[in-house]
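Chain by chain, the residues run as shown.
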Amino acid sequence: MTQATAVIVGASSQLSREIAKQLADQQVELVLFAQDPESLRDFALSLPTKVQVFSLQIEQPQAIITQLESVWQSLGGAHLVLVNTGLNSYDPELPWLPEQDIIDVNVRGFAAICNTAFRLFREQGYGQLAAINSIAGLRGGPSVAYHASKAFGQNYLEGLSMHAQRLKLPITITDIQLGLLDKAAMQQSAMWLAPLPQVAAQIIKAMKQGKRRVYVTKRWRLVAWLTILLPEFIYNTRHWKAKKPKR
């Protein structure tokens, strides 16, 4: 397998598309998994390298495993699997069904993808598993299940990295800690928002460098550091308020 091949699981988001575009510009062949593959057909045809699109049943772990194994066999392997799946919602009443959906996608689905990719890399003998997480996983938060699920993702990747080291496997695990971009957008904060191409470029650079964990964009490292250090009585009183429009 000489041509670099990347599998992007959860390829329908704007960030995933930008990453796919930049990888394609670097002559990386792509395999894109999305819940609505038809929505990616035109995009895939616009890219300058070979691109295959497959459906993704993210809420059904066993179906995910079967899908990944089948596609892997047809490809003859891959160099990179990038996971960008995530569900988030907020309701102050905390109804159970949205919480269950978040857990099904962000925990059960995420673990099924990462576990399967790791096993396939182990059988292949090398590879890189990268996942886009969030600094929301550093502490609890009002989107209770979302924050908790991102903590799970961070620890699951750390465990896989430790497992690869123990077995002396040349498998790189990269945890991409994305900043709280939705909250920054709500704040209309130009300082904390970055153009999508810049975000994608930093992610690709970190993957190429084989980073174990990276904060994107880099300035969010400071927020992550402060988030960890804040005492709970201060952390729990923080509020994000939308800026009032200027008159």
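Given the structure is predicted, the values throughout are model-derived calculations rather than measurements. Every chain begins its residue count from 1, and numbering advances along the sequence as written. pLDDT decides what is reported in this predicted model: residues at 70 or higher carry local features, side-chain atom pairs at 80 or more are listed and counted, and totals for whole chains, interfaces and linings draw on all residues regardless. Computation of side-chain values: all heavy atoms of the structure, hydrogens and water removed.

## Some words on a positive patch on the surface
Consideration 1: Every patch collects residues that have over 30% relative accessible area and no salt bridge, joining them within 9 Å if they carry like charges and within 5 Å if they are nonpolar side chains (Val, Leu, Ile, Met, Phe, Trp, Tyr). Exposure was quantified through the Shrake-Rupley algorithm and a 1.4 Å probe, taking into account, for residues, occlusion by the shown protein chains and nothing else. For salt bridges, the criterion is a side-chain nitrogen of Lys or Arg within 4 Å of an Asp or Glu carboxyl oxygen. We treat Lys and Arg as the positive residues and Asp and Glu as the negative residues; His and chain ends play no part in the count. Charge positions come from single atoms, namely NZ of Lys, CZ of Arg, CG of Asp or CD of Glu. Taken together, the side chains of K205, K211, K218 and R221 make up a positively charged region of the molecular surface.
Consideration 2: Helix and strand labels come from DSSP, where a helix needs a run of H or I of at least four residues and a strand needs a run of E of at least two; each type is numbered from the N terminus. Here K211 shows up in the loop between α7 (196-208) and β7 (213-216).
Consideration 3: Take K211: its relative accessible area is 36%, and that puts it in the partly exposed class. To sort residues, take the accessible area from a 1.4 Å probe on protein chains only and compare it with the maximum for the residue type: under 20% means buried, over 50% means exposed, and anything in between is partly exposed.

## Considerations on helix α8 (residues 220-229)
Consideration 1: Restricting attention to buried positions, one finds in α8 the residues W220, V223, A224 and T227. Summarising the axial view, the buried residues of α8 lie within an arc of 100 degrees, below the 170-degree limit, and thus occupy one face. What points out from α8, more than 90 degrees from its buried face, is the exposed set W225 and L229. An arc is given here, and it is the one of the directions from the helix axis to the C-beta atoms.

## A closer look at the confidence of the model for the protein
Consideration 1: The predictor reports its confidence for every residue as pLDDT, a score running from 0 up to 100. Averaged over all residues, the pLDDT of the protein is 89; the fraction at 70 or higher stands at 90%.
Consideration 2: Any two residues whose heavy atoms approach within 4.5 Å at even a single point are treated as in contact. Low pLDDT (under 50) marks residues 183-188, which in the prediction has 15 contacts with non-local residues, meaning those over four places away or in another chain.

## Some remarks on the side chain of S149
Consideration 1: Tracing the backbone through its elements, the reader meets S149 in helix α5 (residues 144-166).
Consideration 2: A polar side-chain atom of S149 sits 3.1 Å from a polar atom in the side chain of N106.
Consideration 3: Among residues more than four places away in sequence, those in contact with S149 are I102, N106 and V107. Whenever a nitrogen or oxygen atom comes within 3.5 Å of another N or O atom, the pair is scored as a polar contact, on the condition that within protein one atom can donate a hydrogen and the other can accept it, and that pairs from neighbouring residues in sequence are kept only if both atoms are in side chains.

## Details of the pattern of salt bridges
Consideration 1: The tally for this structure, following the rule as stated, stands at six salt bridges.
Consideration 2: Its salt-bridge partner being R41, residue E38 comes within 3.4 Å of it at the nearest N-O pair.
Consideration 3: In this structure, R213 engages D175 in a salt bridge whose closest nitrogen and oxygen atoms are separated by 3.6 Å. On the criterion of sequence distance, the pair formed by R213 in strand β7 and D175 in strand β6 (residues 171-178) is long-range, its members being 38 residues apart.
Consideration 4: D175 sits in the buried class, given a relative accessible area of 0%.

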